Amino acid sequence: EPEVTQTPSHQVTQMGQEVILRCVPISNHLYFYWYRQILGQKVEFLVSFYNNEISEKSEIFDDQFSVERPDGSNFTLKIRSTKLEDSAMYFCASSESETLYGYTFGSGTRLTVV
Amino acid sequence: AQSVTQPDIHITVSEGASLELRCNYSYGATPYLFWYVQSPGQGLQLLLKYFSGDTLVQGIKGFEAEFKRSQSSFNLRKPSVHWSDAAEYFCAVVGFSGGYNKLIFGAGTRLAVHP
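My aim in this report is to walk through the structure given alongside it, one point at a time. (Residues numbered from 1 in each chain as written. Chains lettered and ligands numbered in written order. Predicted model: local features only at pLDDT ≥ 70, side-chain atom pairs only at ≥ 80, totals over all residues. Heavy atoms only, no water.)

## Things to note about the state of the cysteines
Two cysteines, two sulfur atoms, one covalent bond between them: this is a disulfide. All names here are of chain A. Enumeration over the complete set of coordinates arrives at two disulfides over all chains. Residue pairing for C23: its cysteine sulfur links by disulfide to C92, the two sulfurs lying 2.0 Å apart. On the S-S bond that ties C23 to C92, the torsion sits near -65 degrees, and the link is left-handed. Of this pair, C23 sits in strand β3 (residues 19-24) while C92 is found in strand β9 (residues 88-95), placing the two residues 69 residues apart along the sequence. Both residues of the pair, C23 and C92, belong to the buried class. (Disulfide = S-S within 2.5 Å. Helix = DSSP H or I, 4+ residues; strand = E, 2+ residues; numbered from the N terminus. Buried < 20%, exposed > 50% of the residue type's maximum accessible area, 1.4 Å probe, protein only.)

Dropping the structure here:
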């Protein structure tokens, strides 16, 4: 069964450093998403991406965050200057259509900011 | 705005007992609804989803959920719980905004299973 692949599975970074979280969506999917889950809390929407541009972003997704699909297969989330409160599990997801048919999550990247 | 409420933060059941996890949603039209399960430190696994049609939806691992429009509910059930079902369960609804969409998650219900 097709999978969404996220790397790395765990990343530790120092406060103020830039991090890039990588995702490889399912190959025929057109809609891409990032979600965040702070430890012990619910999963929260960060951003959706379609046709090489952001289609929606939440209030969490401030200027420190950016997304990119640099080569047609990878989908990345960049945090420019990490803060302690950015420590969380970050999930990438992709879907085939705007109705979320075939919506699939990756296994997540646990980001720890120290 | 769309929202999801999972009234039970923690539930403990005995192995072999039946289970029902509650989920209430707020949405004006027919919702798209999901249940996910998450083991500690792991990703989100889709148990089942409802888009339309039969209001009783069968999922993986013996789970089912019933969509009840009159009660704005999408409760998850399993007739006999196994110790391996201990995990966190999230209900989610699709939120549409400006032609695009996202999943809106509830706060989750943590299930503990006693032997």
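There is more to say after this.
## Observations concerning the environment of G106(B)
Tracing the sequence through the fold places G106(B) in the loop between β11 (100-105) and β12 (109-114). When the C-alpha positions of G106(B) and Y27(B) are compared, they lie 14 Å apart, and in sequence the two are 79 residues distant. When residues no more than four places from it in sequence are discounted, the contact partners of G106(B) are K42(A), V4(B), Q6(B), F90(B) and C91(B). (Contact = heavy atoms within 4.5 Å.)

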